Amino acid sequence: MKIVVDYELCEANAVCVGCCPEAFRVEEDDTLTVLIENPPESLRSKVEEAVRLCPRQAISLEET
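Residues numbered from 1 in each chain as written. Predicted model: local features only at pLDDT ≥ 70, side-chain atom pairs only at ≥ 80, totals over all residues. Heavy atoms only, no water.

1. Quick look at the pairing of strand E1 (residues 2-5)
Side chains of E1 alternate between two faces, with Ile-3 and Val-5 buried and Lys-2 and Val-4 left unburied. Note that E1 and strand E4 (residues 59-62) share 4 bridges and pair antiparallel. Residue pairing for E4: Val-5 is matched across the bridge by Ile-59. (Buried < 20%, exposed > 50% of the residue type's maximum accessible area, 1.4 Å probe, protein only. Helix = DSSP H or I, 4+ residues; strand = E, 2+ residues; numbered from the N terminus. Pairing = 2+ DSSP bridges.)

2. Topic: the environment of Pro-39
Residue placement: Pro-39 occurs in the loop between strand E3 (32-34) and helix H2 (44-53). Pro-39 sits in the buried class, given a relative accessible area of 6%. In this structure, the C-alpha to C-alpha distance between Pro-39 and Ile-3, residues 36 residues apart in sequence, is 7.8 Å. Excluding anything up to four places from it in sequence, Pro-39 contacts Met-1, Ile-3 and Val-47. (Contact = heavy atoms within 4.5 Å.)

3. Considerations on the nonpolar core
Among the nonpolar cores identified, the biggest contains 14 residues, and Ile-3, Cys-16, Cys-20, Ala-23, Phe-24, Val-47 and Ile-59 are the most heavily contacted of them. Of all the elements in the fold, those that place two or more residues in this core are E1, helix H1 (15-19) and H2. Those residues in contact with Ile-3, other than ones at most four positions away along the chain, are Ala-23, Phe-24, Val-34, Ile-36, Glu-37, Pro-39, Val-47, Ile-59, Ser-60 and Leu-61. (Core = buried A, V, L, I, M, F, W, Y, C linked by side-chain atoms within 4.5 Å.)

Spelled out as C-alpha coordinates, the structure:
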(Lines give C-alpha, C1' and ligand atoms only; values in the text may rest on other atoms or scores of the structure.)
Protein backbone atom coordinates (compact mmCIF):
# COMPACT_ATOMS: atom_id res chain seq x y z
CA MET A 1 0.00 0.00 0.00
CA LYS A 2 1.04 3.59 -0.60
CA ILE A 3 -0.04 6.63 1.40
CA VAL A 4 -1.18 9.53 -0.78
CA VAL A 5 -1.80 13.01 0.64
CA ASP A 6 -3.60 15.81 -1.15
CA TYR A 7 -1.61 18.71 0.27
CA GLU A 8 -4.12 21.18 -1.19
CA LEU A 9 -6.73 19.77 1.22
CA CYS A 10 -4.47 18.95 4.18
CA GLU A 11 -4.71 21.36 7.11
CA ALA A 12 -2.21 19.42 9.26
CA ASN A 13 -4.81 18.80 11.96
CA ALA A 14 -2.62 15.93 13.23
CA VAL A 15 -5.49 13.46 13.52
CA CYS A 16 -3.41 11.09 11.39
CA VAL A 17 -0.47 11.51 13.75
CA GLY A 18 -2.68 10.47 16.63
CA CYS A 19 -3.76 7.38 14.70
CA CYS A 20 -0.39 6.36 13.30
CA PRO A 21 2.64 8.32 14.52
CA GLU A 22 4.88 5.75 12.83
CA ALA A 23 3.75 7.04 9.41
CA PHE A 24 2.85 10.72 9.92
CA ARG A 25 4.40 13.79 11.53
CA VAL A 26 3.33 17.44 11.66
CA GLU A 27 6.29 19.77 11.37
CA GLU A 28 6.88 23.00 13.30
CA ASP A 29 5.68 24.98 10.26
CA ASP A 30 2.34 23.11 10.38
CA THR A 31 2.95 20.94 7.35
CA LEU A 32 2.39 17.21 7.21
CA THR A 33 5.23 14.81 6.50
CA VAL A 34 4.63 11.20 5.52
CA LEU A 35 7.38 9.24 7.25
CA ILE A 36 6.70 5.91 5.55
CA GLU A 37 5.20 6.27 2.08
CA ASN A 38 4.83 2.49 1.75
CA PRO A 39 4.07 1.28 5.27
CA PRO A 40 4.25 -2.40 6.19
CA GLU A 41 1.09 -4.49 6.47
CA SER A 42 1.49 -4.41 10.25
CA LEU A 43 0.47 -0.72 10.16
CA ARG A 44 -2.49 -1.17 7.81
CA SER A 45 -5.22 -0.83 10.44
CA LYS A 46 -3.65 2.33 11.88
CA VAL A 47 -3.17 3.91 8.45
CA GLU A 48 -6.72 3.01 7.41
CA GLU A 49 -7.98 4.66 10.60
CA ALA A 50 -5.98 7.80 9.75
CA VAL A 51 -7.56 7.84 6.28
CA ARG A 52 -11.04 7.36 7.74
CA LEU A 53 -10.69 10.04 10.42
CA CYS A 54 -8.95 12.76 8.38
CA PRO A 55 -11.23 15.80 8.77
CA ARG A 56 -10.45 17.07 5.26
CA GLN A 57 -10.31 13.63 3.59
CA ALA A 58 -6.83 14.56 2.39
CA ILE A 59 -5.30 11.10 2.88
CA SER A 60 -5.92 8.06 0.73
CA LEU A 61 -4.36 4.66 0.15
CA GLU A 62 -3.31 3.16 -3.14
CA GLU A 63 -2.76 -0.58 -3.32
CA THR A 64 0.62 -1.40 -4.82
